[in-house]
Amino acid sequence: MGVIDLRSDTVTQPTDEMRAAMAGAELGDDVYGDDPTVNRLEALAAKVMGKEAALFVTSGTQGNQVSIMTHIQRGEEIIAGVQSHIIHYEAGAAARLSGAAYALADNPDHVVYAADVRRLTRPSDIHFPRTGLLCLENALCDGTAVPLKTMRASSEAAWELGFKVHLDGARIFNAALTLGADPKELAACADSVMFCVSKGLCAPVGSLVCGTREFVEQARRNRKVLGGAMRQAGVLAAAGIIAIEKMTKRLWEDHENARYLGEKLARIPGIKVNEEKIHINMVFWEAAAPGFDSADFVSFLAKRNIKASGVPRGGGLYRMVTHNGVSRAAVDAVVEAVKEYAAGL
Ligand SMILES: Cc1ncc(COP(=O)(O)O)c(C=O)c1O
């Protein structure tokens, strides 16, 4: 068994089929709209999300930021969760690039509810910034999937109040699988949706922004502003097509491995896992043993060819992520290593 990397699903490698498709991809200059493989990927993305059009972007962050830039005027406020990727993990980009101000919901479950949308929307008054956008996320960064009904209620509140909704659906296929929903149903709760073909879907690079034809046309212009217009990008898009058509079908395996990992870790003295919160491919756990030292733990695992994150993600919780490179046997090996470590504390 090679290295087992549990730090994130962003560490996935393109499959052999992807590499072959990348090598043989038909290419053109996408800035001229001439790359047939990019055009195929964008059409496919729009179709699976039930939107009119889609735009291939370099990353999830770029997809979110292009969307925000397209939706709001400078100085407008965006409503989002304080722990959401857009707020917490994008280096303040919405403020820096789009002049956004933030109105943040801070619920313990990280969900932005309809009541938050109503409470955080600014009344019309010259003293206040205008509310310009609601940013939802599903699956959430804490690895949970937000029920469709909850999302829909939040979006409807925003629409009633007169502003648009963007969905950060970096892991929308994971969320849809857990909710037993079609990704289109989640995407229907938003005017624009971003999803990643990298991460658990194994493409090496790329995300898609989907929305109306008019929105995507404007987003294409804003992608140029951000330096994200690519030329023979079909070489990347070829992997993205396989990500959507094939790799979405195997995510259940990662979810089962995460649940299995969580169950086994929970039985180890000194390790606490909230198993109810394992909705997708992420396991969050807490070290309850007094002698636990994260740097020591990480180096103990590294000596056994296991890469794990020693940086807690908030609330003192550590994260392990399953993906295409983590088999059931690999999970067993991880559990054995953690048991050995915990026994030595
Ligand atoms: C919920 C969410 N949104 C957006 C992103 C950003 O994706 P990228 O790393 O491709 O910029 C991530 C990355 O992990 C994410 O988890």
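Re the overall build of the chain
Regarding its fold elements, the chain presents 14 helices and 12 strands. In terms of C-alpha radius of gyration, the chain reaches 21 Å, essentially the compact-globule figure of 20 Å for 345 residues. Over its C-alpha atoms, taken along the principal directions, the chain stretches across nearly 60 × 55 × 35 Å. Burial status across the chain gives 55% buried among its 345 residues. Considering only contacts in the chain between residues 6 or more positions apart, those separated by 24 or more positions represent 74%. Approximately 15,000 Å² of the chain is accessible, and the part contributed by carbon and sulfur atoms is 51%. Here the chain carries 38 positive and 41 negative side-chain charges, and the mean point of each set is 1 Å from the other.

A few points about unusual backbone geometry
Residues asparagine 138 and alanine 139 are joined by a peptide bond in cis, for which omega reads 0°. Along the chain, alanine 139 turns up in the loop between strand 5 (131–137) and helix 7 (148–161). A positive phi angle, close to 65°, is found at histidine 110, a residue other than glycine. Along the chain, histidine 110 falls in the loop between strand 4 (101–105) and helix 6 (114–120). The exposure class of histidine 110 is partly exposed, given its relative accessible area of 28%. In the Ramachandran plot, cysteine 202 falls in the positive-phi region, its phi being about 75° despite a non-glycine side chain. Position of cysteine 202 relative to the elements: it lies in the loop between strand 7 (192–196) and strand 8 (207–211). We classify cysteine 202 as buried; its relative accessible area is 0%.

Quick look at the sheet that holds strand 10 (residues 282–287)
Sheet architecture is open: 3 strands sit in the order 9-10-12, paired in antiparallel fashion. Looking along the sheet, the strands with just one partner apiece sit at the ends: strand 9 (271–273) and strand 12 (318–321). Going from strand to strand, the sheet's axes swing by 35° on average, the running direction of each strand aside. Running at roughly 15° to strand 10, helix 12 (residues 251–266) makes contact with strand 9, strand 10 and strand 12 of the sheet.

Details of the domain arrangement of the chain
Domain annotation for the chain reports domain 1 (4–9 + 250–343) and domain 2 (13–248). Regarding the contact of domain 1 and domain 2, the summed buried area is about 1,600 Å², with carbon and sulfur atoms giving 53% of it. Our count for the contact surface shared by domain 1 and domain 2 stands at 2 salt bridges. Arginine 171 serves as the salt-bridge partner of aspartate 9, at 2.8 Å between the closest nitrogen and oxygen. Mapped onto the side of domain 1 that touches domain 2, the elements with two or more residues apiece are helix 12 and strand 10. Examining the composition of the side of domain 1 that touches domain 2, we find that 3 residues originate from one element, helix 12, more than from any other. Tallied by class, residues from the side of domain 1 that touches domain 2 come to 5 nonpolar, 5 polar and 4 charged.

Let's talk about the site of the ligand
Near the ligand, the surroundings consist of 13 residues, among which Gly60, Thr61, Asp168, Arg171 and Lys199 are the closest. Aspartate 168 is positioned such that a nitrogen or oxygen atom in its side chain is 2.6 Å from a nitrogen atom of the ligand. Between arginine 171 and the ligand, the recorded distance is 2.8 Å, taken from a side-chain N or O atom to an oxygen atom. In isolation the ligand offers 390 Å² of accessible surface; the protein chains occlude 81% of this area. When residues of the shell around the ligand are assigned to their parent elements, the largest contribution, 3 residues, is made by helix 3 (residues 60–71). Taken together, the residues of the shell around the ligand sort by class into 3 nonpolar, 5 polar and 5 charged.

Each value, and the rule that gives it
- The residue numbering used here restarts from 1 in each chain and proceeds along that chain's sequence as written.
- With the structure being a predicted model, the display of local features is reserved for residues of pLDDT at least 70 and the display and counting of side-chain atom pairs for 80 or more, all residues being used for whole-chain, interface and lining totals.
- Computation of side-chain values: all heavy atoms of the structure, hydrogens and water removed.
- Working definition: helices are DSSP H or I runs of at least four residues, strands are E runs of at least two. Numbering for both runs from the N terminus.
- The globule rule used here is 2.2 Å times the number of residues to the 0.38 power, and the radius of gyration it is set against is calculated over C-alpha atoms.
- Here's how the labels work: a residue is buried when its accessible area is under 20% of the maximum for its type, exposed when over 50%, partly exposed in between, all with a 1.4 Å probe on protein chains only.
- We call two residues contacting when some pair of their heavy atoms lies within 4.5 Å.
- For accessible areas, the Shrake-Rupley method is used with a probe of radius 1.4 Å. Any residue's cover is judged against the shown protein chains and nothing else.
- Here Asp and Glu are counted as negative and Lys and Arg as positive; His is not counted, and neither are the chain ends.
- The atoms used to mark charge sites are NZ of Lys, CZ of Arg, CG of Asp and CD of Glu.
- A pair of strands is treated as paired once DSSP finds two or more bridges between them.
- Only the contacting stretch of a helix is used when fitting its axis, a line to C-alpha atoms as for every element, and angles between N-to-C directions run 0 to 180 degrees.
- Segment limits for the domains were obtained from an automatic or database-derived domain assignment.
- A 1.4 Å probe defines the accessible area here, and the buried area is the portion of it lost by two parts on being joined, summed over both.
- The term salt bridge refers to a pairing of a side-chain nitrogen on Lys or Arg with a carboxyl oxygen on Asp or Glu at a separation within 4 Å.
- Put simply, Ala, Val, Leu, Ile, Met, Phe, Trp, Tyr, Cys and Pro go in the nonpolar bin, Asp, Glu, Lys and Arg in the charged bin, and everything else, Gly too, in the polar bin.
- Nearness of a residue to a molecule or strand requires only that one of the residue's heavy atoms be within 4 Å of it.
- Polar contacts here mean pairs of N or O atoms no more than 3.5 Å apart (in protein, one a potential hydrogen donor and the other a potential acceptor; neighbouring residues in sequence count only if both atoms are side-chain atoms).

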